[in-house]
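# Breakdown of the fold
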Amino acid sequence: MNVTVFGTGYVGLVQGAILADVGHHVVCVDVDASKVERLIQGQIPIYEPGLEPLVRENHAAGRLEFTTDAEAGVKHGQVQFIAVGTPPDEDGSADLKYVLAVAQTIAEHMQCDQIIIDKSTVPVGTADKVKAKVAEVLAKRGRTDLGFDVVSNPEFLKEGSAVADCQKPDRIIIGTQDAATIEVMRELYAPFNRNHDKIIVMDVRSAELTKYAANCMLATKISFMNEMANLAERLGADIEAVRQGIGSDPRIGYHFIYPGVGYGGSCFPKDVQALIRTAGDIDFDAKVLKAVEARNQEQKTTLFAKILRHFDGQLDGKTFAVWGLAFKPNTDDMREAPSRVLMEALWQAGAKVQAYDPEAMEETQRIYGSRDGLTLCGTKEAALKGADALVIVTEWQSFRAPDFDLIKSQLSQATLFDGRNMFQPARMRNKGFTYYSVGRHITSA
Ligand SMILES: NC(=O)c1ccc[n+]([C@@H]2O[C@H](COP(=O)([O-])OP(=O)(O)OC[C@H]3O[C@@H](n4cnc5c(N)ncnc54)[C@H](O)[C@@H]3O)[C@@H](O)[C@H]2O)c1
């Protein structure tokens, strides 16, 4: 099938690549000319395991093309994906200007009936807005003879395993009631739907809400666990024992109940805020979501509070080794990352940061440049040199079994602040560390 994808970010690029890989002919359109040029050269602008060979091979085979030429893109596709960003507006609602701009572009250039697929995460009612925009432009063009449907087909990939998630989706949500569109969508996704039927067809509004409900449920699990961790710390309990104690209940399960330093990334924070806003627009007070959001904001400050307390409020002139900058492992995405809240608080208090991340160094450089108080280090060991303490913010695999003797020898004090509960407090105490973690009363030495 000929497929066009607008937007070559985490979603559009991965989706385009995996559709090309099963044999569809995909044209990816982006307004960012330098990104398109890099993609044509085989350079992948984001870090995502497995993506680079997939893009290169399918591009070389002619099944995956990149262009800024929207007109050619629209003409190519039998279906048109919208996979552009929906960043938060000032009031927290999802900003639809990119989505509606693509809708306008499609309508300006379409020459035959089209299926427009909304892959971006968009508030309930957006498909209606896209429909209205396309109809308006077609009317202006005098082409009301052209038919189209707008389908909601939200994306559930996780950054860090986006390729695998798209190749083996848990479910494929298709929001439309048009039988012909459903048939085309089934054909498009047939290569990913062989093991058992993963396609769930529903009305368009339910599909739009499904995406928000999924992210908000996951964010709720995280904030709930962080709340329990804060309680455990104060009550003399160990949240890791509690986590296993509740995870063993199949109704709860072990997924997404790790306490930590708050969720970040491009999706959970903005999607929770957007749904709160959507609810507000219809005079509904989304009490649970507001609490989830508030707990998360506060949780991002907890590591700094522990550091401040340990150093008796005196951080001026201190240096901290920070391991892990990306908002989670296996990505270079720093959007809303807890590391940013921590580093900015440390700088504010007069401290310096020696930072290391396996993949997010370039992104950190892009965000902070050569900011005073920040040294970007080429290895995790280099970040330790002469620092007063080590702070772990992101649980990269390569941090799981570090050389603790080396860490001790490089730090001026053997103090470790662990935002992800990577180690056993008793073992750390035996190794001579003052060790702080999340939700474990038996923390420091
Ligand atoms: N990143 C994720 O993990 C993830 C997961 C599921 C859903 N989503 C949702 O998918 C959508 C896209 O997210 P993303 O992370 O891929 O965004 P992104 O910011 O990484 O990429 C968006 C791309 O769209 C391009 N673009 C903007 N306007 C355009 C236009 N008019 N024509 C063509 N291209 C245009 C931008 O240049 C950019 O390359 C968002 O709604 C997001 O919430 C993201």
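Residues numbered from 1 in each chain as written. Predicted model: local features only at pLDDT ≥ 70, side-chain atom pairs only at ≥ 80, totals over all residues.

### Some points on the overall build of the protein
Quick reminder of the rule: In this description a helix means any DSSP run of H or I spanning at least four residues, a strand means any run of E spanning at least two, and both kinds are numbered starting from the N terminus. Note on method: radius of gyration uses C-alpha positions; expected globular size equals 2.2 Å times residues raised to 0.38. Neighbour counting defines burial: a residue surrounded by 20 or more other C-beta atoms within 10 Å of its own C-beta is buried, one with 12 or fewer is exposed, and intermediate counts give partly exposed, using backbone-placed C-beta atoms.
Assigned secondary structure in the protein consists of 18 helices and 14 strands. Computed over its C-alpha atoms, the radius of gyration of the protein comes to 24 Å, within 12% of the 22 Å expected for a compact globule of 445 residues. Principal-axis analysis of the C-alpha atoms gives the protein an extent of 75 × 45 × 40 Å. Each of the 445 residues in the protein was classed as buried or not, and the buried ones make up 47%.

### Examining unusual backbone geometry
At F256, a residue that is not glycine, the phi angle is positive and equals roughly 60 degrees. On the basis of neighbour count, F256 is assigned to the partly exposed category, with 15 C-beta atoms found within 10 Å. Even without a glycine there, the phi angle at N330 is positive, about 70 degrees. By the element assignment, N330 lies in the loop between β9 (319–323) and α14 (338–348). Of the residues examined, N330 has 19 C-beta atoms within 10 Å and is grouped as partly exposed.

### Some details on the nonpolar core
Generally speaking, a soluble globular protein has its nonpolar side chains buried in company with each other. Keep this limit in mind: As used throughout, a nonpolar core is a set of buried Ala, Val, Leu, Ile, Met, Phe, Trp, Tyr and Cys residues joined through C-beta atoms within 7 Å of each other. In this description, a residue-residue contact is defined by the distance between C-beta atoms placed from the backbone, which must lie within 7 Å.
Grouped together as the largest cluster of nonpolar side chains are 76 residues, with contacts concentrated most on V14, I82 and I116. Per element, the largest residue contribution to this core is 10 residues, and it comes from helix α9 (residues 204–235). Apart from residues no more than four positions distant in its own chain, I82 is found in contact with F6, V99, V102, I116, I117, D118, K119 and S120. F320, F327, L346 and F417 belong to the second-largest nonpolar core, a separate cluster that totals 43 residues.

### A closer look at the site of the ligand
To keep it simple, the criterion reads: Placing a C-beta atom from the backbone of each residue, we mark the residue near a molecule or strand if the atom is within 6 Å of it. Any residue that is not Ala, Val, Leu, Ile, Met, Phe, Trp, Tyr, Cys, Pro, Asp, Glu, Lys or Arg is counted as polar, Gly included; the first ten are nonpolar and the last four charged.
Taken together, 26 residues surround the ligand, and among them G7, G9, Y10, S120 and T121 come closest. Elements with a minimum of two residues in the shell around the ligand: α1 (10–21) and α5 (97–109). Across the shell around the ligand, the residue classes tally to 12 nonpolar, nine polar and five charged.

### Things to note about the UniProt feature "domain: UDP-glucose/GDP-mannose dehydrogenase C-terminal" (unreviewed entry) in the protein
Under the convention used in this document: UniProt positions are given in the numbering used here, feature names are shortened, and annotations may be inferred rather than shown by experiment.
Mapped onto the present numbering, the UniProt feature "domain: UDP-glucose/GDP-mannose dehydrogenase C-terminal" (unreviewed entry) falls on residues 321–425. From the first C-alpha to the last, residues 321–425 spans 20 Å; its make-up is 30% helix and 18% strand.

### A short note on the environment of P425
By the element assignment, P425 lies in helix α18 (residues 425–430). Here P425 falls in the buried class, since 21 other C-beta atoms lie within 10 Å of it. Separated by 16 residues in sequence, P425 and H441 have C-alpha atoms that sit 9.5 Å apart.

### Some details on helix α12 (residues 287–299)
So the rule is basically this: Expected span, for any helix, means 1.5 Å times one less than how many residues it has. The arc in question is formed by the directions pointing from the helix axis toward the C-beta atoms.
The first and last C-alpha atoms of α12 sit 18 Å apart over 13 residues, in line with the 18 Å expected at 1.5 Å per residue. For α12, the set of buried residues is L289, V292, E293, R295, N296 and Q299. Down the axis of α12, the buried set is contained in an arc of 165 degrees. They therefore lie on one face. Of the exposed residues in α12, the ones pointing more than 90 degrees away from its buried face are K287, A294 and Q297.

### Points about the domain arrangement of the protein
We count it as follows: These domain limits were set by an automatic method or by a database of domain assignments.
Parsing the protein into structural domains produces domain 1 (2–202), domain 2 (216–260 + 269–295) and domain 3 (300–436). Centre-to-centre, using C-alpha coordinates, domain 2 lies 25 Å away from domain 3. Between domain 2 and domain 3, the residue contacts involve four residues of the former and four residues of the latter. A per-class count over the side of domain 2 that touches domain 3 returns two nonpolar, one polar and one charged.

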